[in-house]
Amino acid sequence: DSGVTQTPKHLITATGQRVTLRCSPRSGDLSVYWYQQSLDQGLQFLIHYYNGEERAKGNILERFSAQQFPDLHSELNLSSLELGDSALYFCASSGTNGASGIDTQYFGPGTRLTVL
Amino acid sequence: AQSVTQPDIHITVSEGASLELRCNYSYGATPYLFWYVQSPGQGLQLLLKYFSGDTLVQGIKGFEAEFKRSQSSFNLRKPSVHWSDAAEYFCAVGAAYYGGSQGNLIFGKGTKLSVKP
């Protein structure tokens, strides 16, 4: 158990709909990362938040957005869903390793999204 | 551009045999390297990491990896594979995180390991 929790585990929805995925980081971790895992693209970085602020964006579609709340949990919002958005969405958290600034990321169990 | 290559999509080994999974990276600065394992329907579990120092790093479950800068490689090894090691293995490279720089991981496509009895 990594200490990172994600809800829900599974989500089935229809095209055009909007969903929210939730992530709670490990206790004390300030950074939250979101990744998408699909068969064709593999594991791809979407977005990174640190202590409530957006820090970096990866291959995140404009239809997707995220935020990190004062209690440090994060939500990933996916809207106008398409069939191709079906994937496993992972959240990871980390704490900066002092002066070296190197993160070790610990992953949650993921949310499997199926768009029909 | 930063990238990670895992040349083997699928490997099958017999239980008790040794294992080596290959990983090559392309990165402009000192790389920070990771191996993760994903069992079916599960999340990613960290096996080991290399930040600096000794180029041979030990991880959990009896795995080790060797960083070879001259070959841009970070291969994962295990001397004797168990049936429970059947899973998908991902190599990743991460950036040092200073101020606003990126700390995200760049993953290889993964190597699926099957274990024969």
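It should be noted that the structure appears before, not after, this text.
Just so we're clear, the structure is a prediction, and the values are computed from it rather than from any experiment. (Residues numbered from 1 in each chain as written. Chains lettered and ligands numbered in written order. Predicted model: local features only at pLDDT ≥ 70, side-chain atom pairs only at ≥ 80, totals over all residues. Heavy atoms only, no water.)

**Considering the overall build of chain B**
Definition in use: Secondary structure elements follow DSSP: runs of H or I no shorter than four residues count as helices, runs of E no shorter than two count as strands, and numbering proceeds from the N terminus. Here's how the labels work: a residue is buried when its accessible area is under 20% of the maximum for its type, exposed when over 50%, partly exposed in between, all with a 1.4 Å probe on protein chains only. Method for areas: the Shrake-Rupley scheme with a 1.4 Å probe, in which residue coverage is limited to the protein chains shown. The positive count covers Lys and Arg only, the negative count covers Asp and Glu only, and His and the chain ends enter neither. We put the charge of a Lys on NZ, of an Arg on CZ, of an Asp on CG and of a Glu on CD.
Assigned secondary structure in chain B consists of zero helices and 12 strands. Taken from N to C terminus, the helices and strands of chain B fall in the order β-β-β-β-β-β-β-β-β-β-β-β. Taken along the three principal axes of its C-alpha coordinates, chain B extends 50 × 30 × 25 Å. Residues classed as buried in chain B amount to 48% of the 117 residues present. Accessible surface for chain B amounts to roughly 5600 Å². Of this, 50% is attributable to carbon and sulfur atoms. Positive and negative side-chain charges of chain B, numbering 10 and 8 respectively, have mean locations separated by a distance of 4 Å.

**Some words on the packing of aromatic side chains**
Given two aromatic rings, their pairing is described by the distance between the two centres and the angle made by the two planes. The line we're drawing: When the centres of two rings from Phe, Tyr and Trp lie within 6.5 Å, Trp using its six-membered ring, the rings pair. Their planes under 30 degrees apart give stacked, over 60 give edge-to-face, and anything left gives tilted.
In total, this model carries 16 aromatic pairs over all chains according to the counting rule given. The interplanar angle of 85 degrees and the centroid separation of 5.7 Å between the aromatic rings of Y35 of chain A and F107 of chain B together place this pair among those described as edge-to-face. One end of the pair, Y35 of chain A, is in strand β4 (residues 31–38); the other, F107 of chain B, is in strand β11 (residues 105–107), on a second chain. Among the residues examined, F107 of chain B registers a relative accessible area of 9% and is labelled buried. Seen in terms of ring centroids, F90 of chain B and F107 of chain B are 6.4 Å apart; in terms of plane orientation they differ by 85 degrees. Their pairing is edge-to-face. Within this pair, whereas F90 of chain B is found in strand β10 (residues 87–94), its partner F107 of chain B is found in strand β11, the two being separated by 17 residues in sequence. Both residues of the pair, F90 of chain B and F107 of chain B, count as buried. Clustering of aromatic rings is evident, with ring pairs tying together Y35, F45, F90 and F107 of chain A together with Y32, F34, Y36, F51, F90 and F107 of chain B.

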